[in-house]
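Residue-level structure breakdown
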Amino acid sequence: MLDISKYFNEAKKSVFLAGKILKKYYLENFKIEYKGTRNPVTAADKNSEKSIIKILGEKFPDIDFLCEESCEEINRRKNGLVWIIDPLDGTVNFIHKLPIFSISLALYDGNKALFGIVYNPISGEFFHAIKNKGAYLNGKKIGVSKINDLKHSLIVTGFPYNYEKRQKSVDEKFREFCRSAEGLRRLGSAAIDLCYVACGRFDAFWEEGLNPWDVAAGAIIVREAGGNVTDFAGRNNYLFGETLVASNLKIHNQMIKITGGKK
Ligand code: IPD
Ligand code: CA
Ligand code: CA
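Residues numbered from 1 in each chain as written. Chains lettered and ligands numbered in written order. Predicted model: local features only at pLDDT ≥ 70, side-chain atom pairs only at ≥ 80, totals over all residues. Heavy atoms only, no water.

**Brief notes about the site of ligand 1**
Ligand 1 sits among 15 residues. The nearest are Asp 89, Gly 90, Thr 91, Tyr 161 and Glu 207. Take Asp 89: an N or O atom from its side chain is 2.7 Å from an oxygen atom of ligand 1. Within the contact set of ligand 1, an oxygen atom lies 2.7 Å away from a backbone nitrogen or oxygen of Gly 90. Burial of ligand 1 by the protein chains amounts to 96% of its free accessible area of 380 Å². (Near = heavy atom within 4 Å. Polar contact = N/O pair within 3.5 Å; in protein donor to acceptor, adjacent residues only side chain to side chain. Areas by Shrake-Rupley, 256 points an atom, 1.4 Å probe, with all protein chains shown as cover.)

**Quick notes on the sheet that holds strand β14 (residues 243-247)**
Across the sheet, which stays open at both edges, the five strands sit in the order β11-β10-β12-β14-β13 with mixed pairing between neighbours. Only two strands of the sheet have a single partner each, and these edge strands are β11 (183-185) and β13 (228-230). Adjacent strand axes in the sheet meet at a mean angle of 15°, parallel and antiparallel pairs treated alike. Along the sheet, helix α5 (residues 190-198) makes contact with β10 (154-157), β12 (204-208) and β14, crossing β12 at roughly 155°. Each of β10, β12, β13 and β14 touches helix α7 (residues 252-259); the most contacted strand, β14, lies at about 155° to it. (Pairing = 2+ DSSP bridges. Helix = DSSP H or I, 4+ residues; strand = E, 2+ residues; numbered from the N terminus. Axes fitted to C-alpha atoms, helices over the stretch in contact; angles between N-to-C directions. Contact = heavy atoms within 4.5 Å.)

**Structural notes on unusual backbone geometry**
With phi around 65°, Asn 132 is a residue other than glycine that occupies positive phi space. Within the secondary structure, Asn 132 sits in the loop between β7 (125-130) and β8 (135-137). For Asn 132, a relative accessible area of 68% corresponds to the exposed category. We note that Leu 249 has phi near 85°; this positive angle belongs to a residue other than glycine. For Leu 249, the position within the fold is in the loop between β14 and α7. The class for Leu 249 is partly exposed, based on a relative accessible area of 49%. (Buried < 20%, exposed > 50% of the residue type's maximum accessible area, 1.4 Å probe, protein only.)

**Describing helix α2 (residues 43-59)**
In a regular helix each residue adds 1.5 Å, so 17 residues correspond to 24 Å; α2 covers 24 Å between its end C-alpha atoms and thus fits that length. Along α2, the residues classified as buried are Ala 44, Asp 45, Ser 48, Glu 49, Ser 51, Ile 52 and Leu 56. The arc enclosing the buried residues of α2, seen along the axis, measures out at 160°, which places them on a common side. The exposed residues of α2 that point more than 90 degrees off its buried face are Lys 50, Lys 54 and Glu 58. (Expected span 1.5 Å × (residues − 1). Arc of directions from axis to C-beta.)

**A closer look at the domain arrangement of the chain**
Per the domain assignment, the segments making up the chain are domain 1 (4-142) and domain 2 (150-259). The C-alpha centroid of domain 2 is placed 20 Å from the C-alpha centroid of domain 1. Listed per partner, the contact involves 42 residues of domain 1 and 28 residues of domain 2. Note on domain 1 versus domain 2: buried area summed over both sides is about 2,600 Å², and carbon and sulfur give 64% of it. If you look at where domain 1 meets domain 2, you find two salt bridges. Of the charged contacts, one joins Arg 38 and Glu 164 as a salt bridge, the two residues approaching to 2.8 Å between their closest N and O atoms. Along the contact surface separating domain 1 from domain 2 lie 12 residue pairs in polar contact (both at pLDDT 80 or more). By residue number, the principal contributor to the side of domain 1 that touches domain 2 is strand β6 (residues 112-120), which donates seven residues. (Domains from an automatic or database assignment. Buried area = accessible area lost by both parts, 1.4 Å probe. Salt bridge = Lys/Arg side-chain N within 4 Å of Asp/Glu carboxyl O.)

**Quick word on the coordination of the calcium ion (ligand 3)**
Coordination of the calcium ion (ligand 3) by the protein comes from Glu 68 (OE), Asp 86 (OD), Asp 86 (OD) and Leu 88 (O), over a distance range of 2.2 to 3.1 Å. Summarised as a motif, the one-chain spacing of the donors to the calcium ion (ligand 3) is E-x17-D-x1-L. Here the calcium ion (ligand 2) and the calcium ion (ligand 3) are spaced 3.7 Å from one another, each receiving a donor from Asp 86. Residue Glu 68 is found in the loop between β3 (64-67) and β4 (81-89), and its partner Leu 88 is found in strand β4; the two are separated by 20 residues along the sequence. Exposure class is identical for Glu 68 and Leu 88. Each is buried. (Donors = N, O, S within 2.8 Å, 3.2 Å for Na, K, Ca; no water.)

Structure follows, in structure tokens:
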């Protein structure tokens, strides 16, 4: 049996250190580069990732990495362990000094999540979940909301950097959710969006054009908090499938009715 706590404790250490790195850059000026027309990256993203990889890579040399800035191409061994890392989720907020961003780190065994961590170093909110052990915010157990009607729900979304490519689908769903929900927000960090569903601040989240590092940690946190996470069609392919719906479970079918599922 795998001793998850040994991996979790080291991961937690690496995330807190990465948080210190992000905080330092946040208070200073930093150079901004662009990976696409509106897909920025800063030294903060890169150094946060480097630091996590160094710590976890030295401690656990046999575990693969799938991370945003330096190792997109995963060297995947079947059913092997893999760290899935977004070293700064919410880079646009970070650049604009909006304190809604996070580090997202998860350990997967193949397609199965073993644990997830999402940490906002500015607010100090540390979310985590370990498989079958529940979800926590700063050590206190959390759970999803109890609302069972989309029209009384506060829901959240995000927009992909390649919006033009997905414009029709994004616009249609946005319009439909505006009509159907009580309120709609866009925070700018998918990992935080998911954690806010997990602790009941939001009742649901949907987005398309996502990458595995945006959602790997938040998804297990939502599930361990009693929520549901699927792709737009209500299936399990949310990690690599680029579409995701997360909810408090009670309104999940109402969500996927709009995103494309038949239920
Ligand atoms: C982005 C954020 C944002 C979401 C985008 C992501 P990044 O990640 O999670 O909320 O709408 O789709 O790419 O680039 O800040 O790591
Ligand atoms: Ca991200
Ligand atoms: Ca990122």
